[in-house]
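# Observations on chain architecture
Spelled out from the first residue to the last, the chains are:
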Amino acid sequence: MSVENKTSAMTKLEDLLDPSLVASLERLDLMSRKMLQGRMQGERRSRRRGQGMDFADFRPYAAGDDLRFVDWNIYGRLDRLFLKMFLEEEDLGLVIAIDGSASMNSGTPNKFDVSRRIAMALGYVGLVNQHRVTLALLQDGRANCLSGLRGRRRTAEAASWLIAQNAAGTCGFDGACRSLASARLGRGMVIVISDYLLREGYESGLRALAGRGWDVFALQILSPEELDPRTGDQSPDVRLVDSESKSEVEITLSNTVVREQKRRLESFNAALRETCLKLGVRHMTIDSAVDYQKFLLQSLRKQGLLK
Amino acid sequence: MTLLTPLTGIIAALIVVPLLVALYMLRLRRTRRDISSTLLWKSHTEDVRANSLMQRLRLSPLFLLQCLLLLLLAAALMQPILNGWIRPSGRVVLFIDQSASMQTRDALNGATRLDEAKRLAIAQVESWQGGGIFAASPPEVMVIAFAQDASVRIPFTTNPTRIREAIEAIESTDQTTQIGPAVALARAFSSEQFSELEAELKSATVSPLDMQLISDGNCPDLGQLTLRKDEKLSWVRCGNPDTPNQGISAAGAERRNDDPTLINAFVALRNESQTAAKREVQVRSNGTLIASTNEPITLVGATGKGATRVPGAQKMSFAPFALANSGVLSVSMIPEDAFTTDDRAVIAIQEQQTLRVLLAGNDAAVESLINSLSSISLTQVSCQEFNKRVVADANWTESFDVVVCVDCDIPTLTAGRWLIFGKPPSISSLNSYGVQPRQAVRTWKSDHKVMAQSQFSDVVVDNAVAIAPTSDWSSLLEGSKGPLIVLGRSDKATVLYVAFLPMDSNWPFQRSFVNFTGQSIEFLGALGSAITSESMEPGATLRMRVARGSTQVVVTTPNGDRVSQTPIEGEVVFGPLRNVGVYKVDYLNSAGKPVSRSVAVNLSDPAECNVAAAQQLNIPSGELQPKAIGFSAFTIWPLIVLVVLSLLLVEWFIYHHSGGST
């Protein structure tokens, strides 16, 4: 017996992003819980005063100010120069980080494949809405990034990068997150897609991301086999082989063991949720067998990640 | 409880139980399953198997259940049986009683005792065969069916199918019971394979002969059965000791002297049970009812007080009825009881015949006696005349049924049946050698038909011919100095020789002389057919004289079987007679005319008609109590296998309820 761990053969954009989904995604935008400072003018309201459309405040004119923003009506009534201040519309930094460890390369459907599809869909939403999109692969303690993507025309480039990635080796979640946090990507939203079954733990890495002021969204993806060990092969006496460490566990999948395993997974997920809550990180767990279109268009909107 | 093959079970247990333990200790051969992470599985320490070849034995319910199953199966292999059943070793002889009393229907479901005996015998044999492939060899079994005579139905064999077939083929008879010939037959067969020396050499190792008697116990000669030291006799009883029986003890008919066309019939009944019973008697002639009792007759119990001289006996006669020709009278007692063989009797009545008797010599006593007999045609000649006629025609004597010679010289004994008084015929086998004066009678053969119903102890002979007959002659009357009356054959003549003249003794003044003379003429001339044929007993041999030159002789039994016979010297011999009823002899006489004669066979033996099964058997070596067989031989291993199957179901339930593992 063996569980299908091979990634599917993805060769083109359509393999990652269903064309029928594109129209639906174009109507969506990412929604951060924080007012984040962008780098470029964009389509997102910022706390910074700037050249946006929404009026924010007045302030006295100072030498050098742009005369176009002087409120001449007030000058006529008060004979003093006041400058109109508008809310700046800035872009949003969106970082989509995928766990690239071998543990993601398992399950039916393959967790890494589903992760890449979700990343592509969310990235497309970001590109369409003129956000600065960064794709990152967390692997072997490092963050392999494709940054500086903006605009619809970078879609193909993002897709090619995702297709080229493989899940292998370890994650090194802590180091990879620190590496990502130290990268000069500006502030924004970070979506971390992983199964979070990490021997080294996940708290330190999430803390590093959240500590940089990013709006972090932890998306936990688990395969059906992980949610229910009885799924797939029915043989009760199994030798479980860890995809990363290659360590083995011999076990008999009795009702008691399966029941206990489910209870432990629930405890693990509860601990992850608690950690995320403590760090101000949004969290969501999905099954890799989920209908990811429905997940994007309904579940993430309910979670407030998309609008 | 006895274990037939304990060693087999122990060996099996010693092999399979450690094997099961080893299997549980061996590491499971598990299916590889790649998963993303074993992070959450690591803590299932109780299910983690060590990577070594062996692991610590953990006592799970399934393991204990499987151990129990294996131990039970090992116990089943030991073939436990209930106490009281021991498989005999060596050779076993099954004596199955097929006598008349075994036809009593007092077994279960209205079966006869013989059916029950066969069923018990088969059950016994099958119980010996049991035990499966690990059992010890079953005993060699020989089956002997016996009644008045005995026959080996199957010699020693271990083939259960052949034994069963042989037992099932045993048929009922109406004969009396004699165990002696059966035991002699068994002894002969059990030692036939060995020479005397071999038998002596093997006596130390050969298993004793195990004889098992399956019978109702009504064997009168058991008192004479002496067991040898290597013989063992056990008895399985068939039948109920309390079965009552009433029957016809005798039935007869005779033509009246004054009117031979009229028949007088009489019947004697017998009640063997302790209580009184009421019975009706009917007499039928060739199927037509001709006489019956007006109302049921009360038969007093055998131990009860009644008007009859013999307790339980009742005699009756019927009004004369006409029957000019031959026929068969059947007497039946109504209602019938469990033993029906003696509830019916048949009487064969022959056509009226006249016996032709030639008397040679002058003896007033003999002449007057012959003349007094009914249906006799007497021709009397002197000795001289007799010799002349014999010399002239050697076949002259054969034209008479009986030739009686009194003190005549008989130079040539021609064919025929002779009753000779005084001078001996000139035949070498008699070996006459002089005269023996003054003799008293020492003994006589009272069971011979000629000597029956007579006392000879008071006979004193003054002058007798001294004879020393050869061994093929039988002495009917033995005097103090030699035989006085002998019976034998010489060439084509049957001779009843009285070695003295009646007038040289006091015999003519005694009743035995009258009985002897009449019975001798009846015996020699088969005179019974002239009046009514006497009833024969089952087991006897039918001997019937037919005219010389008769052909196509066929004997028809009561069952309807037709058996062709070839008469030897004018006599048809058939037997032994196995069943009651009418035996019919048909033949063509020398003139080609068909002749038919009937012989009635009835059971009247008191011992055989007492059908109450014996409480115990009394043999010279002690009392023999009945034992049970067959059903006490209860094997337990099928029950154990049943329990094992039930436990397997429990194990299946536990296994699946726990999801494939505990």
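A brief look at the structure comes next. Every value quoted in this text rests on a predicted model; they were computed, and no experiment measured them.

### Side note on the overall build of chain B
Helices and strands together make up the secondary structure of chain B, namely 11 helices and 34 strands. Buried residues in chain B amount to 37% of all 662 residues. Partitioning the intrachain contacts of chain B with sequence separation of at least 6 by distance along the chain shows that 69% fall at a separation of at least 24.

### Regarding the overall build of chain A
Along the backbone of chain A there are 10 helices and 10 strands. The burial tally for chain A puts 43% of its 307 residues in the buried class. Of all intrachain contacts in chain A linking residues separated by at least 6 positions in sequence, the fraction that spans at least 24 positions is 79%.

### Topic: helix H4 (residues 160-168) of chain B
Among all positions of H4(B), only B:Ile163, B:Ala166 and B:Ile167 are buried. On an axial view of H4(B), the arc spanned by its buried residues comes to 100°, and they lie on one face.

### Description of the pairing of strand E11 (residues 277-285) of chain B
Residues and elements named next belong to chain B. Residue alternation in E11 divides its side chains into a buried set, Ala277, Arg279, Val281, Val283 and Ser285, and an unburied set, Lys278, Glu280, Gln282 and Arg284. Pairing of E11 with strand E13 (residues 297-299) involves 3 bridges; the strand directions are antiparallel. The residue bridging Lys278 from the neighbouring strand is Thr298, located in E13. Sheet topology places E11 next to strand E16 (residues 327-334); 6 bridges connect them, and they run antiparallel. Along E16, the bridge assignment pairs Ser285 with Leu329. Bridge count for E11 against strand E12 (residues 288-292) is 4 bridges, and the pairing is antiparallel. The residue of E12 that forms the bridge with Val283 is Ala291. Hairpin connection from E11 to E12: 2 residues lie between these consecutive antiparallel strands, with Asn286 at a positive phi of about 50°.

### Describing the sheet that holds strand E20 (residues 402-406) of chain B
Residues and elements named next belong to chain B. Strands sit in the order E19-E18-E20-E21-E26-E25-E24-E22-E23 across an open sheet of 9 strands; the sheet is mixed. If you trace the sheet from one side to the other, it starts and ends with strand E19 (376-381) and strand E23 (460-467), each paired once. Averaged over all pairs of adjacent strands, the angle between their axes in this sheet comes to 30°, without regard to strand direction. One ladder, built from 4 bridges, connects strand E24 (residues 474-479) with strand E25 (residues 483-490); its direction is antiparallel. Residue pairing for E25: Leu477 is matched across the bridge by Ile485. Across the face of the sheet, helix H9 (residues 511-525) comes into contact with strand E18 (355-360), E20, strand E21 (416-421) and strand E26 (493-498) while running at roughly 160° to E21.

### Observations regarding the packing of helix H2 (residues 19-26) of chain A against helix H4 (residues 111-128) of chain A
Between two packed helices, what matters for the description is the angle formed by their axes and the separation of those axes. Residues and elements named next belong to chain A. At a minimum axis separation of 10 Å, H2 and H4 run at an interaxial angle of 45°. When the interaxial angle is binned, H2 and H4 end up oblique. Our pair here, H2 against H4, has a crossing hand that is right-handed. Along its contact with H2, which presents Leu21, Leu25 and Glu26, the element H4 presents Ala121, Tyr124, Val125 and Val128. A per-class count over the contact of H2 with H4 returns 6 nonpolar, no polar and 1 charged.

### Considering the packing of helix H7 (residues 364-372) of chain B against H9(B)
Residue and element names in this part refer to chain B. In the contact formed by H7 and H9, the axes pass within 10 Å of each other and the chain directions differ by 60°. Put simply, H7 runs oblique to H9. The hand of the H7/H9 crossing is right-handed. Contacts from Val366, Leu369 and Ile370 in H7 reach Val514, Thr517, Gly518 and Ile521 in H9. Taken together, the residues of the contact of H7 with H9 break down into 5 nonpolar, 2 polar and no charged.

### Concerning helix H10 (residues 292-303) of chain A
All names here are of chain A. In this model H10 runs just 14 Å from its N-terminal to its C-terminal C-alpha over 12 residues, more than 12% under the 16 Å that 1.5 Å per residue would give. Taken together, the buried positions of H10 are Tyr292, Leu296 and Leu300. The buried side chains of H10 occupy one side of the element, clustering within an arc of 65° when seen end-on. H10 presents Lys294, Gln298 and Lys302 as exposed residues on the side facing more than 90 degrees away from its buried surface. Those residues of H10 that are buried are in contact with H4. Phi turns positive, to about 85°, at Gly304, one or two residues after H10.

### Things to note about the environment of A:Phe82
All names here are of chain A. When you line up the elements, Phe82 lands in strand E2 (residues 82-90). For Phe82, a count of 17 C-beta atoms within 10 Å corresponds to the partly exposed category. Sequence separation between Phe82 and Trp72 is 10 residues; the distance between their C-alpha atoms is 7.9 Å. Sequence-distant contacts of Phe82, defined by excluding residues within four places in its chain, comprise Phe58, Pro60, Tyr61, Asp71 and Ile74.

### Thoughts on unusual backbone geometry
In the segment running from A:Thr108 into A:Pro109, the intervening peptide bond is cis, with an omega of 0°. Along the chain, A:Pro109 turns up in the loop between strand E3 (93-99) and H4. Between B:Gly575 and the following residue, B:Pro576, the backbone shows a cis peptide bond with an omega angle of 0°. Its location among the elements puts B:Pro576 in the loop between strand E30 (571-574) and strand E31 (581-588). The backbone of A:Tyr196 shows a phi angle near 60°, a positive value even though the residue is not glycine. Looking at the secondary structure, you find A:Tyr196 in the loop between strand E6 (188-194) and helix H7 (203-211).

### Focus: the environment of B:Ser520
All names here are of chain B. Mapped onto the elements of the fold, Ser520 is located in helix H9. The spatial distance from the C-alpha of Ser520 to the C-alpha of Lys449 is 8.3 Å, given a sequence separation of 71 residues. What Ser520 contacts, discounting residues up to four positions off in sequence, is Leu419, Val450 and Leu496.

### Considerations on the sheet that holds strand E6 (residues 150-157) of chain B
All names here are of chain B. Spatially, E6-E5-E4-E7-E8 is the arrangement adopted by the 5 strands of the open sheet, whose pairing is mixed. Whereas interior strands pair on both sides, the edge strands pair on one side only; in this sheet they are E6 and strand E8 (231-237). The mean inter-strand angle of the sheet, taken between neighbouring strand axes irrespective of direction, is 15°. Note: strand E4 (residues 91-97) against strand E5 (residues 140-146), 7 bridges, orientation parallel. The partner of Arg91 across the bridge, within E5, is Glu140. The strands touched by H4 are E4, E5 and E6; relative to E6, the strand with the most contacts, the crossing angle is about 170°.

### Considering the pairing of strand E28 (residues 551-556) of chain B
Within a regular strand, side chains alternate between the sheet's two faces. Residue and element names in this part refer to chain B. With 4 bridges joining them, E28 and E31 adopt antiparallel strand pairing. When the sheet's bridge partners are listed, Thr556 is paired in E31 with Lys584. Pairing analysis gives 4 bridges linking E28 to strand E29 (residues 562-565), with the strands arranged antiparallel. Note that in E29 the partner of Val554 across the bridge is Ser564. Where E28 hands over to E29, the hairpin turn is made up of 5 residues, of which Gly560 adopts a positive phi near 95°.

Calculation criteria
Residues numbered from 1 in each chain as written. Chains lettered and ligands numbered in written order. Predicted model: local features only at pLDDT ≥ 70, side-chain atom pairs only at ≥ 80, totals over all residues. Helix = DSSP H or I, 4+ residues; strand = E, 2+ residues; numbered from the N terminus. Buried ≥ 20, exposed ≤ 12 C-beta atoms within 10 Å, placed from the backbone. Contact = placed C-beta atoms within 7 Å. Arc of directions from axis to C-beta. Pairing = 2+ DSSP bridges. Axes fitted to C-alpha atoms, helices over the stretch in contact; angles between N-to-C directions. Parallel < 35°, antiparallel > 145°, perpendicular 65-115°, else oblique. Left-handed = near helix turned anticlockwise from the far one by under 90°. Nonpolar A, V, L, I, M, F, W, Y, C, P; charged D, E, K, R; others polar. Expected span 1.5 Å × (residues − 1).

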